[in-house]
Amino acid sequence: MYTTILSVKVNTINFKIPSAFLKHEVEIDIYVPDGILGNEKIELLLLNDGQDVAKMNFTEILEEAHHNKRNNRLIVVAIKASPDRLMEYGVAGVPDFKGRGAKAELYTDFIIKELLPFVKKKIAMPITGRVAFAGFSLGGLSAFDIAWNNPSVFDAIGVFSGAFWWRKKDLANGYTDADRIMHNLIDHTSTRPDMKFWLMTGTEDEKADRNKNLIIDSIDDTIDVVKGLLNKGYKRPENIFYFEKVGGKHDVPTWESVMPAFLNWAFEV
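Bear in mind that the values here come from a model prediction, so they are computed numbers and not experimental data.

Visitor: Would you explain the pairing of strand E8 (residues 240-249) in this entry?
Guide: Taken residue by residue, a regular strand's side chains alternate between the two faces of the sheet. In terms of strand pairing, strand E7 (residues 196-204) meets E8 through seven bridges, oriented parallel. When the sheet's bridge partners are listed, Gly202 is paired in E8 with Lys245. One crossover worth recording links E7 to the parallel E8 by way of helix H7 (residues 217-231), and it is right-handed.

Shown next, in the form of structure tokens:
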């Protein structure tokens, strides 16, 4: 008996979308599996910091994710950050202590009201499977915020080395952990009860250890997000997956190395 190996080729298409909200064009790369017939389950992933995706062997990663899968296709939209990244990424309506993230609400409007309609028109087929939003570092914080606040649009969230330290008060001005913006959002708001969360940090993500507990802040902050989600009633492993990569750094090679694990967990491909 012979097993048929299904090989799927992935094509990349580049677009520049004019945004009325952001007052500039936004460049995106859409990764589309070849030969979609329309009877497959089509899933969609948005990725912040698409300029970092472009540095990965992402086409090969996506082709491997589809290896021998007959009934599912994942389309990925990599959104390249603008020069105004520190203002557009963040938590909508809550700038950090330096005023960064002041345009996060406008970026949310771009994603929901301009990008998604554009992408769906280009795909020209219904998205019948899971829709997720993910990102790296500050882009991960942004993806979390947008997906959390738009539960009718997104089913899953992915954060690679997330900037969960994002805070309302500087360390030198009486900071406490209660000043972390995303943790406060999780504690005081709700999203869909079946939302899925994939959170990743590396053991060498940074050096900072503000509370001197011998655990770097990126790990502390991400674990506290997990604790906040558990307190909201989300379960492991059904809703939450935490990936702590030994030797992982705050860089593209680390994120590239764990991308297959994220795709495998978040999607049916």
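Visitor: Which parts of the structure should I look at to understand helix H8 (residues 252-266)?
Guide: Owing to its 3.6 residues per turn, the α-helix brings residues three or four apart onto one side. Relative to the 21 Å expected for 15 residues at 1.5 Å per residue, H8 spans 20 Å between its end C-alpha atoms, a close match to the ideal helical length. In H8, a bend of some 40° at Val258 exceeds every other bend along the element, and Pro260, a proline, comes one to four places later. Among the residues of H8, Val252, Thr254, Trp255, Val258, Met259, Phe262, Leu263, Trp265 and Ala266 are the ones counted as buried.

Visitor: Explain the packing of helix H4 (residues 104-123) against helix H5 (residues 138-148) to me, please; I cannot follow it from the model alone.
Guide: To characterise two packed helices, one gives the angle between the axes of the helices and the distance between these axes. Between H4 and H5, the least distance of the axes is 11 Å, while the angle of their chain directions is 65°. The hand of the H4/H5 crossing is right-handed. Here H4 contributes Tyr107, Thr108, Ile111 and Ile112 to the contact with H5, which in turn contributes Ser142, Asp145 and Ile146. Within the contact of H4 with H5, the residues separate by chemical class into four nonpolar, two polar and one charged.

Visitor: Please explain the confidence of the model for the chain as it appears in this structure.
Guide: Low-confidence regions, as indicated by low pLDDT, have predicted coordinates that should not be scrutinised in detail. Per-residue confidence for the chain gives a mean pLDDT of 93, with 96% of residues at or over 70. Here residues 1-5 scores under 50 on pLDDT; set against residues more than four positions off or in separate chains, the count is four contacts.

Visitor: In this structure, what is going on with empty space enclosed by the protein? I would like to understand it.
Guide: One simple way to see leftover space: roll a probe sized like a water molecule over the atoms. Scanning the model with the defined rule gives one cavity of 30 Å³ or more in all. For the lining of the largest cavity, the residue count by class is six nonpolar, two polar and two charged.

Visitor: How do you make sense of the packing of aromatic side chains when you look at a structure like this?
Guide: Here the structure, examined in full by the defined rule, presents 19 aromatic pairs. On the numbers, 5.0 Å between centres and 45° between planes, the contact of Phe160 with Trp198 is tilted. Here Phe160, found in strand E6 (residues 156-160), pairs with Trp198, found in strand E7; they are 38 residues apart in sequence, far enough to count as distant. The same class applies to Phe160 and to Trp198, which are both buried.

Visitor: Help me out: how do you make sense of helix H6 (residues 181-188) in this one?
Guide: The set of residues buried in H6 consists of Ile181, Met182, His183, Leu185 and Ile186. Packed against the buried residues of H6 are H5 and H7.

Visitor: What should I look at first to understand the environment of Leu230 in this one?
Guide: Mapped onto the fold, Leu230 is located in helix H7. Along the backbone, Leu230 and Ile240 are 10 residues apart, and their C-alpha atoms lie at a distance of 8.5 Å.

Conventions we followed
- Here the residue index of a chain counts from 1 through its sequence in written order.
- With pLDDT at 70 or above as the cut-off, local features in this predicted model cover only qualifying residues; side-chain atom pairs require 80 or more to be listed or tallied, and sums for whole chains, interfaces and linings still use all residues.
- Side-chain descriptors were evaluated using all non-hydrogen atoms of the structure, hydrogens and water having been removed beforehand.
- Between any two strands, pairing holds if DSSP finds at least two bridges.
- Only DSSP runs of H or I reaching four residues or more are called helices, and only runs of E reaching two or more are called strands; each is numbered from the N terminus.
- When the strands point away from the viewer, a crossover counts as right-handed if the path from the first strand over the helix to the second runs clockwise.
- A helix is expected to reach a length of 1.5 Å times the quantity of its residues less one.
- Axes are fitted to the seven residues ending at a residue and to the seven starting at it; the angle between these axes is taken as the bend at that residue.
- Burial classes: relative accessible area under 20% of the type maximum marks a residue as buried, over 50% as exposed, and values in between as partly exposed (1.4 Å probe, protein chains only).
- All axes here are fitted lines through C-alpha atoms, helices being fitted over the stretch that makes contact, and every angle between N-to-C directions spans 0 to 180 degrees.
- In a left-handed crossing the near helix is turned counterclockwise from the far helix by less than a right angle, and in a right-handed crossing that turn is clockwise.
- Residues are treated as being in contact if the distance between any of their heavy atoms lies within 4.5 Å.
- Polar here means any residue other than Ala, Val, Leu, Ile, Met, Phe, Trp, Tyr, Cys and Pro, which are nonpolar, and Asp, Glu, Lys and Arg, which are charged; Gly is therefore polar.
- Confidence scores labelled pLDDT are given residue by residue by the predictor and lie between 0 and 100.
- A cavity here means a set of points on a 1 Å grid, drawn over the protein atoms and nothing else, where a 1.4 Å probe fits but cannot get out; a pocket is an open set with protein on both sides within 12 Å along at least five of seven lines, and a residue lines either one if it has an atom within 4 Å of a point.
- Grid points are joined across faces, edges and corners, and a volume is the space filled by probe spheres set on the points.
- Stacked, tilted and edge-to-face are the three classes applied to pairs of Phe, Tyr and Trp rings, where Trp contributes its six-membered ring and a pair requires centres within 6.5 Å; stacked means planes under 30 degrees apart, edge-to-face means over 60, and tilted covers the rest.

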